[in-house]
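# Topology and contacts: notes
Each chain, written out:
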Amino acid sequence: MLNPRQVITALKHNIGKVIVGKDEVIELLLIAMLCKGHVLIEDVPGTGKTTLASALAKSLDCSFNRIQFTPDVVPSDVTGFTMVNLKTGEMEFHPGAIMCQIALADEINRTSPKTQSALLEVMEEYQVTVDGVTHPLPKPFMVLATQNPSEFVGTYPLPEAQLDRFFLRVSMGYPTLEEEMAVLERFSGTVKPQAGLNAVCAARDVVAMQDLVGTVYCSKEVRHYVANIAAMTRTHPSLQLGVSTRGAIALIRGAQACALLNERDYVLPEDVQRMVLPVLTHRLTPNPEAKMKGISAERILIAVVENVPVPLRLS
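As the structure is a computational prediction, the values presented were derived from the model and not from experiment. (Residues numbered from 1 in each chain as written. Predicted model: local features only at pLDDT ≥ 70, side-chain atom pairs only at ≥ 80, totals over all residues. Heavy atoms only, no water.)

## A short note on the pattern of salt bridges
To be explicit about the condition: Any Lys or Arg side-chain nitrogen found within 4 Å of a carboxyl oxygen on Asp or Glu counts as a salt bridge. Labels follow the DSSP assignment, with helices taken as runs of H or I lasting at least four residues and strands as runs of E lasting at least two, numbered in each case from the N terminus. Between buried and exposed lies partly exposed: a residue is buried under 20% and exposed over 50% of the maximum accessible area for its type, with that area taken using a 1.4 Å probe on protein chains only.
In the structure shown here, the tally under the stated rule is 12 salt bridges. Linking Arg5 and Glu27 is a salt bridge whose minimum nitrogen-to-oxygen distance equals 3.6 Å. Placement of the pair is Arg5 in helix 1 (residues 4–15) and Glu27 in helix 2 (residues 23–34), with a sequence separation of 22 residues. Given a relative accessible area of 8%, Glu27 falls into the buried group. Its salt-bridge partner being Glu24, residue Arg274 comes within 3.3 Å of it at the nearest N-O pair. Of the two residues, Arg274 is situated in helix 12 (residues 269–280) and Glu24 in helix 2; the sequence distance between them amounts to 250 residues. Accessibility expressed as a relative area gives 27% for Arg274, which makes it partly exposed. Taking the relative accessible area as the measure of exposure, Glu24 reaches 43% and is therefore partly exposed. When salt bridges that share partners are traced, they join Arg5, Lys12, Glu24, Glu27 and Arg274 into one network.

## Some details on the pairing of strand 9 (residues 142–147)
Filter applied, for reference: Note: two strands are recorded as paired if DSSP finds a minimum of 2 bridges between them.
In terms of burial, strand 9 is largely enclosed, as 6 of its 6 residues are buried. Alternating positions in strand 9 separate into two faces, Met142, Leu144 and Thr146 on one and Val143, Ala145 and Gln147 on the other, with burial throughout. In terms of strand pairing, strand 1 (residues 39–42) meets strand 9 through 4 bridges, oriented parallel. By the bridge assignment, Ile41 is partnered in strand 9 with Thr146. One ladder, built from 4 bridges, connects strand 6 (residues 102–106) with strand 9; its direction is parallel. Bridge assignment links Ala105 to a residue of strand 9, and that residue is Ala145.

See below:
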């Protein structure tokens, strides 16, 4: 029988051959994969965002495409287009770069909002509609998007509807001195470390693990706990936009995946608490007054969670 913990450990070890000292980020990425979710990797340039995404793709026996988002990329480059076959006279669909299992949307906030919106249907319904014809995406399917901080030159902020479709957001951060020394050692040779990565997990194994997540029991008390967190964000005086229902569902799914990796068949409040920041923070919008005071969405969310009663007994 497939053991998700063993598979995830093997994937973490494989990705760790390239990415140094980011075990928590790697595990969150893999949890999102189990939950059929998409990940937004946000940080300053040069911290390993693209390397992390490509290392995951190489560790899975899945098709992989990279889309380099620039201002001149148009929606049909992403989704595909139809055109007449001059030999047969029939319309033919030419797949876009998104028609793969692992899609890297590199620097997603450097392209126009029109092109960004081409991903909305893809990320929510796992399909592409071109000229009225729907084309399903292969399974498993996952979008890994990287973006630079919004204050950087040449960036277009992602709209709230697009941010809400990302299962979670992670930040790489700068390495410690020891970690950077290890990175420099690995990348000082003639061959890049990611060139030597081999797949340690088949696509069918990923799909099987995704099906297992839904079998983890989530009690009424835990569901009430999540609903209370979501409700409190919607009435918080420092927030302009609270957590959507999609966000609350994502938090439940993330907690189920956490429990599965801990070899439990039921969810604990601790699973919810572990996932609450990466899953919900990017879905919150502080109001202008909070922004002016420098109060971040993360700080507000921490305060919200601290004020929601934790269920002591589970049914």
